[in-house]
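Read off the chains here:
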Amino acid sequence: MQTWLLVAAGGAVGACLRFGIGELTALLFGRHFPYGTLTVNVIGSFIMGLAYALLQHGHVLEHPMKPLLMVGLLGALTTFSSFALDTLVLMQHGDWLKAALNILLNVGLCLLMVFLAMQLVPARG
């Protein structure tokens, strides 16, 4: 039961962060492109890669808080469903270039962030 509560707590924080980042990017850059979704996907991918590498290389041991961070917080922060919806809406409005750009930036930058984060953690040995 404790793990479920940790996931729920992390999810609440992640959802609030996602909403806040979405509102902030809309204020800064406008709502003509899904900057909020892109931003949370890139940040979340970096944090996920870093956490994974820290665990894989033994710098951090498995911890009861892992579900809070990896499933709860990051799961709520980086919802791929929002990316899919944003892209589909752009397509429905005939914004094919923006839709393609959204796909390329989200997929490319998120893969890059996971890779870069994993490079920050040296192999233990």
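If you're wondering where the values come from, they're calculated on a predicted model, not measured in any experiment.

Looking at where S82 falls in the secondary structure, it is placed in helix α4 (residues 80-92). In this structure S82 comes out as buried when scored by relative accessible area, which is 15%. Leave out the neighbours within four places in its chain, and S82 touches R18 and T37.

Our focus in this paragraph is helix α3 (residues 66-77). Those residues of α3 not exposed but buried are P67, M70, G72, L73, L74, A76 and L77. The inward-facing, buried residues of α3 abut α1 (2-29) and α2 (35-56).

A surface patch of nonpolar side chains, amounting to about 470 Å² of accessible area, comprises L24, L27, L28 and F29. Owing to a relative accessible area of 74%, L27 belongs among the exposed residues under this scheme.

Attention now moves to the UniProt feature "binding site: Na(+)" (unreviewed entry) in the protein chain. Here the UniProt feature "binding site: Na(+)" (unreviewed entry) sits at G75 and T78. Relative accessible area serves as the criterion here: at 37%, G75 is assigned to the partly exposed category. Within the element layout of this structure, T78 appears in the loop between α3 and α4. Take T78: its relative accessible area is 23%, and that puts it in the partly exposed class. Sequence-distant contacts of T78, defined by excluding residues within four places in its chain, comprise V40, N41, G44 and S45.

Counted according to the given criterion, the structure contains 3 aromatic pairs. Ring centres 5.3 Å apart and planes at 45° place the aromatic pair F29 and Y35 in the tilted group. We classify F29 as partly exposed; its relative accessible area is 47%. Put simply, the rings of F29, F33 and Y35 touch in pairs and so form one group of aromatic residues.

On to the UniProt feature "transmembrane region" (unreviewed entry) in the protein chain, then. Here the UniProt-annotated "transmembrane region" (unreviewed entry) positions come out as residues 34-55, 67-91 and 103-121. Here residues 67-91 is 92% helix and 0% strand, with 35 Å between the C-alpha atoms at its ends. Overall, residues 103-121 shows 89% helix and 0% strand. The separation of its end C-alpha atoms is 28 Å.

Cut-offs and rules
- Here the residue numbering is sequential within each chain, running from 1 through the sequence in written order.
- Thresholds applied to this predicted model are a pLDDT of at least 70 for local features of residues and 80 or more for the giving and counting of side-chain atom pairs; totals over whole chains, interfaces and linings are not thresholded and use all residues.
- Hydrogens and water molecules were not included; the side-chain quantities draw on all heavy atoms of the structure.
- Only DSSP runs of H or I reaching four residues or more are called helices, and only runs of E reaching two or more are called strands; each is numbered from the N terminus.
- Relative accessibility thresholds used throughout: buried, under 20% of the residue-type maximum; exposed, over 50%; partly exposed, between the two (1.4 Å probe, protein chains only).
- Contacts are residue-level and defined by heavy atoms, with any inter-residue pair within 4.5 Å sufficient.
- Patch membership requires over 30% relative accessible area and the absence of a salt bridge. Like charges are linked within 9 Å, and nonpolar side chains (Val, Leu, Ile, Met, Phe, Trp, Tyr) within 5 Å.
- Accessible surface is estimated by sampling points in the Shrake-Rupley manner with a 1.4 Å probe; for residues, cover comes only from the protein chains shown.
- Salt bridges, as used here, are contacts in which a Lys or Arg side-chain nitrogen is within 4 Å of a carboxyl oxygen on Asp or Glu.
- UniProt positions are given in the numbering used here, feature names are shortened, and annotations may be inferred rather than shown by experiment.
- Stacked, tilted and edge-to-face pairs are distinguished by plane angle, under 30 degrees for stacked and over 60 for edge-to-face with tilted covering the rest, among Phe, Tyr and Trp rings (Trp via its six-membered ring) whose centres lie within 6.5 Å.

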